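Breakdown of the fold
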Amino acid sequence: MAEEPKTIKKTSKSLEIGTATNQAPAVTHETIKPAIHEVQQEVVNREIHTYEHIHRIQPVKDVQVLPVRHYVADKDENLVEMSEEEIAKLEERGVLAGQEKQN
């Protein structure tokens, strides 16, 4: 709604002044707030295992068969190692037979 400019008429000692007024639209103050977005992502942690299967040929062990070891308890109950021949002699005398009966 623009008003008509006002005019002043010239008199003997005055000048004509014209004024124009324009009415601007109302000022709106707008507050802009930043929009906060929350993004949720599901994180999947995966462990990748790499298994290595290695087939090896093992060396053949050399098996040694050792002779049999014989132990006999003496009078003080200590173990004494004896050969098969000595044990056979003691059995002939009956010394070991008596011990076996006691055990």
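Residues numbered from 1 in each chain as written. Predicted model: local features only at pLDDT ≥ 70, side-chain atom pairs only at ≥ 80, totals over all residues. Heavy atoms only, no water.

Description of the overall build of the protein
Regarding its fold elements, the protein presents 2 helices and 4 strands. Mapped in sequence order, the helices and strands of the protein form the string β-β-β-β-α-α. Of all 103 residues assigned to the protein, the portion counted as buried reaches 4%. Put simply, of all contacts in the protein between residues at least 6 apart along the chain, 8% involve residues at least 24 apart. By element, 52% of the accessible surface of the protein is carried by carbon and sulfur atoms, the whole surface being about 11900 Å². (Helix = DSSP H or I, 4+ residues; strand = E, 2+ residues; numbered from the N terminus. Buried < 20%, exposed > 50% of the residue type's maximum accessible area, 1.4 Å probe, protein only. Contact = heavy atoms within 4.5 Å. Areas by Shrake-Rupley, 256 points an atom, 1.4 Å probe, with all protein chains shown as cover.)

Thoughts on the pattern of salt bridges
Scanning the entire structure with this criterion turns up 1 salt bridge. A salt bridge links R69 to E81; the nearest nitrogen and oxygen atoms lie 3.2 Å apart. In this pair, R69 is assigned in the loop between β2 (18–19) and β3 (70–73) and E81 in strand β4 (residues 79–82), connecting sequence segments 12 residues apart. Judged by its relative accessible area of 54%, R69 falls in the exposed class. The class of E81 is partly exposed, set by a relative accessible area of 44%. (Salt bridge = Lys/Arg side-chain N within 4 Å of Asp/Glu carboxyl O.)

Looking at the pairing of β3
Bridge count for β3 against β4 is 4 bridges, and the pairing is antiparallel. Across the sheet, residue V72 finds its bridge partner in β4, namely V80. Adjacent in sequence and paired antiparallel, β3 and β4 are bridged by 5 residues, among which E77 carries a positive phi angle near 65 degrees. (Pairing = 2+ DSSP bridges.)

With respect to the confidence of the model for the protein
Reading fine detail from the predicted coordinates is not recommended where pLDDT is low. Averaged over every residue, the pLDDT of the protein is 78; residues scoring 70 or more account for 78%. At the level of individual helices and strands, the protein shows its lowest average pLDDT in helix α2 (residues 95–102), which scores 55, and its highest in β4, which scores 89. (pLDDT = per-residue confidence, 0-100.)

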